[in-house]
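An overview of the molecular structure
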Amino acid sequence: MALLSGFQVKIKTTMKKNIFSILLASAVILPFGLLAQTAVKSKTKTEQKPVTAVLSAKSSASIESAFTGSGEDWFIEAGKAVFPALPYSYEALEPVIDKSTVEIHYDRHHRGYFNNFMKAVAGTDLEKMSFYQIFGNMTDFPAGIRNNAGGFYNHVLYWSIMSADGGGKPSGKLLDAITRTFGSYDAFYQQFNDAAKTRFGSGWAWLSIDFKTDELFITSTANQDNPLMNTEGKRGFPILGIDVWEHAYYLKYQNKRADYVENFWNKLNWQEVQTRYNDYFRLADRLNK
Amino acid sequence: MNFEFPQLPYAYDALEPHIDKMTMEIHHTKHHRAYFDKFTAAIQGTDLESKSMEAIFAEISKAPLAVRNNGGGFYNHNLFWEILSPKGGGEPTGKLAEAINTKFGSFEAFKTKFNDAAANRFGSGWAWLSVDNDKNLCVCSSANQDNPLMDVHDCKGTPIMGLDVWEHAYYLKYQNRRPDYIGAFWNLVNWNKVSENFEKALK
């Protein structure tokens, strides 16, 4: 699977460079997408649309998995969730995040959240609710839903916004928004690092878009909470998240969380963060803010 | 300043194979040390400097967050190292054994309850065996570095035994398998020390 994922990443990168390779990419990736659809269909026979049809057709990632970290993920019904492929090989994030950490994090922790979540929603009304609805009404549900829905979704976003060739700085509209809110990229960088370093215990730091103002803001959350949950004081649409649970970095960094946080930027895929930013405005009419 | 950073009462490799040497060394010299340093820095020059840990925790809701997190981190680890021993394991005896049987029905039932508290604490935290205000035993868990002495805690009492379930306590050896770490913990419990803590808490 690791090899396959690595191959897909290569194809995605190529697609951005050369339009002719889209045909090739579709031909290669489609069979795996169909496999995923078949698996989902067999569980939900009455559904008209396969999961992938809910997603934007322009996204190649939507073909390889129903969950890609894209904005559309929020509107997928919980009962139709599938555990997504890692969008690169386990060693792709070396030396920032070591192979063993990525493997255990993805295959044990993340998969555990997914399995527990699916078990918790099976046969309940939540199967028909979107993640967006569940997070927005989180206070209505037991802690098991909150912890595992968050754990599932947060990691999908986390994997999606990193890449082997990440790093650099944002540009375009996202950079404009960052400068508008924080004054400069450096000021943003500092504030985000502080949020990630000072979250006490398990949790996440986020860059999100404020539902009220459409502007960016930085927060951190405990455990597997996220800014979409109605348990949060300030709510918004997360476009960048860093996992600061010790399991995200302990094998390589031990107590030195600050080093992990600072190195993280070298694998951050700003293009994907920009895509999340665009998702928010593209999906504005579907967000019941 | 009343507070001192304690030496470990055994060698870093003394708890092998249940807790590995590297985990113990980092846990004590980095994590525990950092809590101590930050705690003493946070109370320096304040009224808290002359108070006992128990008195600080009793009004922790009025103290800055740095005191709660680092004071808890300092105290909790002190207790944790003390109730572990390379010669630990087995079962409690005497008054503590009687109190466990009275409260939980049996030692096995108590163990199950404590294991559940430790396994089900989501995220960073601790599982505790405490003596509550009515002098009864109780099992609970707390988030992060909170403990039953704190006025913010919903299961108040005097902790006599604690298990650290932050990932840093077990990740190098056990990774995502927290239940295996919890299982191994029982081979290390210093019941003499827990009994001593129990007797003190009853007074």
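Some points on the overall build of chain A
A tally of regular secondary structure across chain A gives eleven helices and three strands. Listing the helices and strands of chain A from first to last along the sequence gives α-α-α-α-α-α-α-α-β-β-β-α-α-α. Scored against the burial criterion, the 289 residues of chain A give a buried share of 55%. Put simply, 68% of the contacts in chain A that link residues at least 6 apart link residues at least 24 apart. As displayed, chain A offers around 12300 Å² of accessible surface, 53% of which is attributable to carbon and sulfur atoms.

Describing the state of the cysteines
All names here are of chain B. Summed over the entire model, instances satisfying the criterion amount to one disulfide over all chains. The disulfide partner of cysteine 140 is cysteine 155, and the gap between their sulfur atoms is 2.4 Å. Between cysteine 140 and cysteine 155 the disulfide shows an S-S torsion of about -80°. By sign, it is left-handed. Of the two residues, cysteine 140 sits in strand E2 (residues 137-143) while cysteine 155 sits in the loop between E2 and strand E3 (158-164), which places them 15 residues apart along the sequence. Free of any disulfide, cysteine 138 has its nearest neighbouring cysteine sulfur in cysteine 155, separated by 4.1 Å. Taking relative accessible area as the criterion, cysteine 138 reaches 14% and is therefore assigned buried.

Some words on the packing of helix H7 (residues 172-182) of chain A against helix H11 (residues 270-282) of chain A
Residue and element names in this part refer to chain A. One can describe the packing of H7 onto H11 by two numbers: an axis separation of 9 Å at closest approach and a directional angle of 80°. Relative to H11, the element H7 lies roughly perpendicular. Facing H7, whose interface residues are Lys173, Leu174, Ala177, Ile178 and Arg180, H11 presents Trp270, Val273, Gln274 and Tyr277.

Topic: the interface of chain B and chain A
Of the residues lining the interface, 17 residues belong to chain B; the matching set on chain A comes to 17 residues. It is B:Phe122, B:Glu167 and B:Tyr171 in chain B that bury the most area against chain A; as a group they hold 40% of the surface buried on that side. Counting across the chain B and chain A interface gives zero salt bridges. The interface formed by chain B and chain A holds six residue pairs in polar contact (both at pLDDT 80 or more) in total. Breaking the side of chain B that touches chain A down by element, the ones donating at least two residues are helix H1 (21-43) and helix H6 (171-174) of chain B. The biggest single contributor to the side of chain B that touches chain A is H1(B), with four residues. Here the side of chain B that touches chain A is built from residues that sort into six nonpolar, nine polar and two charged.

Some words on the sheet that holds strand E1 (residues 125-131) of chain B
Whether parallel or antiparallel, the strands of a sheet pair through hydrogen bonds between backbone atoms. All names here are of chain B. Taken in spatial order, the three strands of this open sheet run E2-E1-E3, and their pairing is antiparallel. Taken across any chain shown, the strands that pair with only one partner, and hence form the sheet edges, are E2 and E3. Across the sheet, the mean angle separating the axes of adjacent strands is 25° when strand polarity is ignored. Bridge analysis of E1 against E2 gives seven bridges, and the strand direction is antiparallel. Within the sheet, the bridge partner assigned to leucine 129 lies in E2 and is valine 139.

Quick look at unusual backbone geometry
A:Glu94 connects to A:Pro95 through a cis peptide bond whose omega is -5°. For A:Pro95, the position within the fold is in the loop between helix H3 (61-64) and helix H4 (99-121). Positive phi, normally seen in glycine, also occurs at A:Asp214, with a value near 65°. Considering the arrangement of structural elements, one finds A:Asp214 in the loop between strand E1 (203-210) and strand E2 (216-222). We note that B:Gln175 has phi near 50°; this positive angle belongs to a residue other than glycine. You can see B:Gln175 is positioned in the loop between H6 and helix H7 (178-185).

Quick word on the nonpolar core
If you look at the biggest cluster of nonpolar residues, it comprises 82 residues, and the most contacted ones within it are A:Phe188 and A:Leu240. Grouped together as the second largest cluster of nonpolar side chains are 50 residues, B:Leu84, B:Val139, B:Leu163 and B:Trp191 included.

Topic: the pairing of strand E3 (residues 236-243) of chain A
Residues and elements named next belong to chain A. Judged by how many residues are buried, E3 sits mostly within the fold: eight of eight residues are covered. Sheet topology note: the E1/E3 ladder contains seven bridges and is antiparallel. Following the sheet pairing, leucine 207 is matched in E3 by leucine 240.

Regarding the confidence of the model for chain B
Taken as a whole, chain B shows an average pLDDT of 97; of its residues, 100% reach a score of 70 or greater. Under the prediction, the complex receives an ipTM of 0.96, its pTM being 0.86.

Looking at the sheet that holds E3(A)
Residues and elements named next belong to chain A. Taken in spatial order, the three strands make up an open sheet running E2-E1-E3, and their pairing is antiparallel. Because the sheet does not close on itself, it has two edges, and the strands there are E2 and E3. Within the sheet, the average angular offset between the axes of one strand and its neighbour, ignoring direction, is 30°. Strand direction decides the pairing type here: E1 and E2, joined by seven bridges, are antiparallel.

Calculation notes
Residues numbered from 1 in each chain as written. Chains lettered and ligands numbered in written order. Predicted model: local features only at pLDDT ≥ 70, side-chain atom pairs only at ≥ 80, totals over all residues. Heavy atoms only, no water. Helix = DSSP H or I, 4+ residues; strand = E, 2+ residues; numbered from the N terminus. Buried < 20%, exposed > 50% of the residue type's maximum accessible area, 1.4 Å probe, protein only. Contact = heavy atoms within 4.5 Å. Areas by Shrake-Rupley, 256 points an atom, 1.4 Å probe, with all protein chains shown as cover. Disulfide = S-S within 2.5 Å. Axes fitted to C-alpha atoms, helices over the stretch in contact; angles between N-to-C directions. Parallel < 35°, antiparallel > 145°, perpendicular 65-115°, else oblique. Buried area = accessible area lost by both parts, 1.4 Å probe. Salt bridge = Lys/Arg side-chain N within 4 Å of Asp/Glu carboxyl O. Polar contact = N/O pair within 3.5 Å; in protein donor to acceptor, adjacent residues only side chain to side chain. Nonpolar A, V, L, I, M, F, W, Y, C, P; charged D, E, K, R; others polar. Pairing = 2+ DSSP bridges. Core = buried A, V, L, I, M, F, W, Y, C linked by side-chain atoms within 4.5 Å. pLDDT = per-residue confidence, 0-100.

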